[in-house]
Amino acid sequence: MDTTIKSLGPCEIISPLHHVGGGVEVNFRKDNERVLFSHTLDRDSEPHADASQFSFEASGPREHIFFNPAKTTAAIVTCGGLCPGLNDIIRGIVTQLHYRYAVTKVFGFRYGYEGLIPRYGHTPMLLKPESVSQIHNFGGTILGSSRGPQKIGEMVDLLEEMNIDLFFVVGGDGTLRGAVEISNECERRGLKKAVIGIPKTIDNDIMYLDKSFGFETAFAVAVQTVKCAYVEATGAVNGIGLIKLMGRDSGFISCYAALAGGNVDFVLIPEVPFQLEGERGLLEALRYKLAKKKNAVIVVAEGAGQDLIPSAGNTDASGNQKYGDIGLFLKDKIGAFFKERRTECNLKYFDPSYIIRSVPANAQDNVYCSQLAQHAVHAAMAGKTSMLVGRWHGAFVHLPIALATQGRRKVDPSSELWHSVLESTGQSARLSDG
Ligand code: ATP
Ligand code: MG
């Protein structure tokens, strides 16, 4: 696992943070300060493991920086789907650059990577602290976003033309892969540009990160729907509340929403396959639950049970595979199952995904986003590139983008999290006969 962070060159400029005034000491960090990959240690079996194990570069302000603030221009882009906290990140980058480093030329590219291709006609916005001061109170991104491939060479042409030195890229796995290519192209052309990623994933599925921004907001909103579904389920004969939540490949939101909301009987996630039919399949388990307690609540992540639905096989503009709609599929199957048995059931279906994605970040995420933005700016000013900022074991770190996008973090079915879900719902560990 290569955790080395790419650098544009030696840092020879004294950081303006030295002059914060008021006798306040700045906690400058050195590149040799590391955050260990594992925070546990078995001294009996590996007495020297702490020295040899993987570690990440600690994030934070550097005493010497690479870029001269007076001559530095920065730009921000947001790509992919919406996620709570995008505006907080934009605001944090702009204010940190202005107030801590006195970098005043900060542009926002409009509508994702499209904004870097002049023929689309999306003129970049000049961002000032005054113009971003209230944006964290709103969901979405003031810059807009988009999907769809753009030519790397053309995007780098514009960065070159506009003399962008620091390029902050906020987006998911696809966006971050694009950022690596942009950084590689800059290197090929001998351009000294810092490309810094801030990973966006509402599903909390980025590797080597404690949590992604927006995740807490997302599951807190999801909990409201889970509670509504329970109310609906208890208000009718054989009431069933079925909620589809985000989670294409990882079921974290579903797990946390079910744990926080309580009153959930089944959680279905992509990591744990299940069967519909059969003695121990979902439908029989649901029938048993209704017979016993007269109502049931099911939370299903959008990527769960894909092997059961004839997949549409289509792809979106960015080439991501479109998933079959497991929520509507289950709704139909459950309805048909009880109809066949001449049993009354009242199913209420909830799909709150766009509501969840577009809300403003909550207080916890407000703070987390501004910290991520601050750390991203410190890294960029120090001439780091092709890296992203994240938090690992509570400490902010630098990660090579290529390392973090190698795979996805998933719910481990043997983990404490999944066992808590099983205990809280009472569902069987395997909803299948196999
Ligand atoms: P989300 O997971 O929320 O959908 P994302 O960043 O993965 O976010 P995508 O639509 O997949 O969203 O990608 C965003 C942008 O990144 C698009 O413009 C897409 O063309 C570009 N992109 C995706 N994958 C790559 C890649 N491998 N190389 C270069 N650019 C890419
Ligand atoms: Mg993606």
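Residues numbered from 1 in each chain as written. Chains lettered and ligands numbered in written order. Predicted model: local features only at pLDDT ≥ 70, side-chain atom pairs only at ≥ 80, totals over all residues. Heavy atoms only, no water.

Engineer: Can you walk me through the overall build of the protein in this structure?
Structural biologist: Scanning the protein from N- to C-terminus turns up 13 helices and 17 strands. Rg of the C-alpha trace for the protein: 24 Å, near the compact-globule value of 22 Å for 434 residues, within the 12% margin. Judged by the C-alpha coordinates and their principal axes, the protein covers about 75 × 60 × 40 Å. Counting every position in the protein, which comprises 434 residues, the buried fraction comes to 53%. Sequence-distant contacts, at least 24 apart, represent 78% of the contacts inside the protein between residues at least 6 apart. When the accessible surface of the protein is split by element, carbon and sulfur atoms take 50% of a total near 19100 Å². Treating the 45 positive side-chain charges of the protein as one cloud and the 47 negative ones as another, the clouds have centres 4 Å apart. (Helix = DSSP H or I, 4+ residues; strand = E, 2+ residues; numbered from the N terminus. Rg over C-alpha atoms; globule rule 2.2 N^0.38 Å. Buried < 20%, exposed > 50% of the residue type's maximum accessible area, 1.4 Å probe, protein only. Contact = heavy atoms within 4.5 Å. Areas by Shrake-Rupley, 256 points an atom, 1.4 Å probe, with all protein chains shown as cover. Lys, Arg positive; Asp, Glu negative; His and termini not counted. Charge placed at Lys NZ, Arg CZ, Asp CG, Glu CD.)

Engineer: Explanation requested: the pairing of strand 6 (residues 73-78) in the structure shown.
Structural biologist: Walk down a regular strand and you will see the side chains alternate between the two sheet faces. Counted residue by residue, strand 6 has 6 buried out of 6 residues, so it is predominantly covered. With 4 bridges connecting them, strand 6 and strand 7 (residues 105-108) associate as parallel partners. Its bridge partner being in strand 7, A75 is matched across the sheet by F107. Taken together, strand 6, helix 2 (residues 86-101) and strand 7 constitute a β-α-β crossover, and its handedness is right-handed. Pairing of strand 6 with strand 9 (residues 166-171), which is carried by 5 bridges, proceeds in the parallel orientation. Counterpart to A74 in the pairing with strand 9 is L166. (Pairing = 2+ DSSP bridges. Right-handed = clockwise from strand over helix to strand, strands pointing away.)

Engineer: Before we go on, may I ask you to explain the domain arrangement of the protein in this structure?
Structural biologist: Accessible area lost when the parts come together is the quantity often used to give the size of an interface. The domain boundaries assigned to the protein delineate domain 1 (6-42 + 50-212 + 361-404) and domain 2 (215-357). Taken together, the contact pairs 17 residues of domain 1 with 17 residues of domain 2. For the pairing of domain 1 and domain 2, the buried interface totals around 1400 Å² over both sides, and the portion due to carbon and sulfur atoms is 49%. The largest per-residue losses of area from domain 1 upon contact with domain 2 belong to R147, I202 and D203, which jointly make up 38% of the total buried on that side. The tally of links between domain 1 and domain 2 comes to 2 salt bridges. Close ionic contact of R147 with D316 constitutes a salt bridge, the shortest N to O distance being 3.9 Å. Put simply, domain 1 and domain 2 have 7 residue pairs in polar contact (both at pLDDT 80 or more) between them. When the residues that make up the side of domain 1 that touches domain 2 are grouped by side-chain class, the tally is 6 nonpolar, 6 polar and 5 charged. (Domains from an automatic or database assignment. Buried area = accessible area lost by both parts, 1.4 Å probe. Salt bridge = Lys/Arg side-chain N within 4 Å of Asp/Glu carboxyl O. Polar contact = N/O pair within 3.5 Å; in protein donor to acceptor, adjacent residues only side chain to side chain. Nonpolar A, V, L, I, M, F, W, Y, C, P; charged D, E, K, R; others polar.)

Engineer: I'm lost on empty space enclosed by the protein in this one. Help?
Structural biologist: Which parts of space are left empty comes out when a probe the size of a water molecule is rolled across the atoms. This structure, assessed with the given rule, holds 1 cavity of 30 Å³ or more. Of the volumes computed, that of the largest cavity is approximately 50 Å³. For the largest cavity, the full set of lining residues is V267, L268, I269, V272, P273, F274, W418, Q427, S428, A429 and L431. The class makeup of the residues in the lining of the largest cavity is 9 nonpolar, 2 polar and no charged. (1 Å grid on protein atoms, 1.4 Å probe; cavity = no way out; pocket = protein on both sides within 12 Å on 5 of 7 lines; lining within 4 Å. Points joined across faces, edges and corners; volume = space filled by probe spheres on them.)

Engineer: Explain the packing of helix 6 (residues 215-234) against helix 7 (residues 252-261) to me, please; I cannot follow it from the model alone.
Structural biologist: The angle between the axes and the distance between the axes are what describe a pair of packed helices. It is at 8 Å that the axes of helix 6 and helix 7 come closest, and there the two elements cross at 55°. The angle between helix 6 and helix 7 places the two elements in the oblique class. In this structure, the crossing between helix 6 and helix 7 has a hand that is right-handed. Facing helix 6, whose interface residues are F215, A218, F219, A222, V223, V226 and K227, helix 7 presents F252, I253, Y256, A257, A260 and G261. Residue classes in the contact of helix 6 with helix 7 are distributed as 11 nonpolar, 1 polar and 1 charged. (Axes fitted to C-alpha atoms, helices over the stretch in contact; angles between N-to-C directions. Parallel < 35°, antiparallel > 145°, perpendicular 65-115°, else oblique. Left-handed = near helix turned anticlockwise from the far one by under 90°.)

Engineer: Would you explain the site of ligand 1 in this entry?
Structural biologist: Neighbouring residues of ligand 1: 16 residues in total, closest R147, D173, T175, K200 and S318. The backbone of G148 places a nitrogen or oxygen atom 2.6 Å from an oxygen atom of ligand 1. Take P149: an N or O atom from its main chain is 3.1 Å from an oxygen atom of ligand 1. When the free accessible area of ligand 1 is taken as 610 Å², the share hidden by the protein chains comes to 79%. The cavity that encloses ligand 1 is the largest pocket. Each residue belonging to the shell around ligand 1 can be placed in one class, and the counts come to 2 nonpolar, 9 polar and 5 charged. (Near = heavy atom within 4 Å. Sits in = over half its atoms within 2 Å of the grid points.)

Engineer: Would you take a moment to explain the UniProt feature "active site" (unreviewed entry) in the protein for this structure?
Structural biologist: With numbering matched to this structure, UniProt assigns "active site" (unreviewed entry) to D203. Take D203: it is sitting in the loop between strand 10 (194-199) and helix 6. Each residue touching D203, except ones within four places of it in the same chain, is listed here: F215, M246, G247, R248, S250, F252 and I253. (UniProt positions renumbered as here; feature names shortened; annotations may be inferred.)

Engineer: Just checking my understanding: could you explain the pattern of salt bridges for this structure?
Structural biologist: When the charged atoms of two side chains with opposite charge come close together, those side chains can pair. Considering all chains together, one arrives at 24 salt bridges under this definition. Ionic pairing is found between D31 and K384, a salt bridge with its closest N-O pair at 2.8 Å. Of this pair, D31 sits in the loop between strand 2 (13-14) and strand 3 (34-36) while K384 sits in strand 15 (residues 384-385); the two residues are 353 residues apart in sequence, bridging distant segments of the chain. Classification of D31 as partly exposed rests on a relative accessible area of 38%. Since its relative accessible area comes to 5%, K384 is described here as buried. Across the pair D205 and R408 runs a salt bridge, and its minimum N-O distance is 3.0 Å. Taken together, the residues span a long stretch of sequence, with D205 in the loop between strand 10 and helix 6 and R408 in the loop between helix 12 (401-404) and helix 13 (416-425) at a distance of 203 residues.

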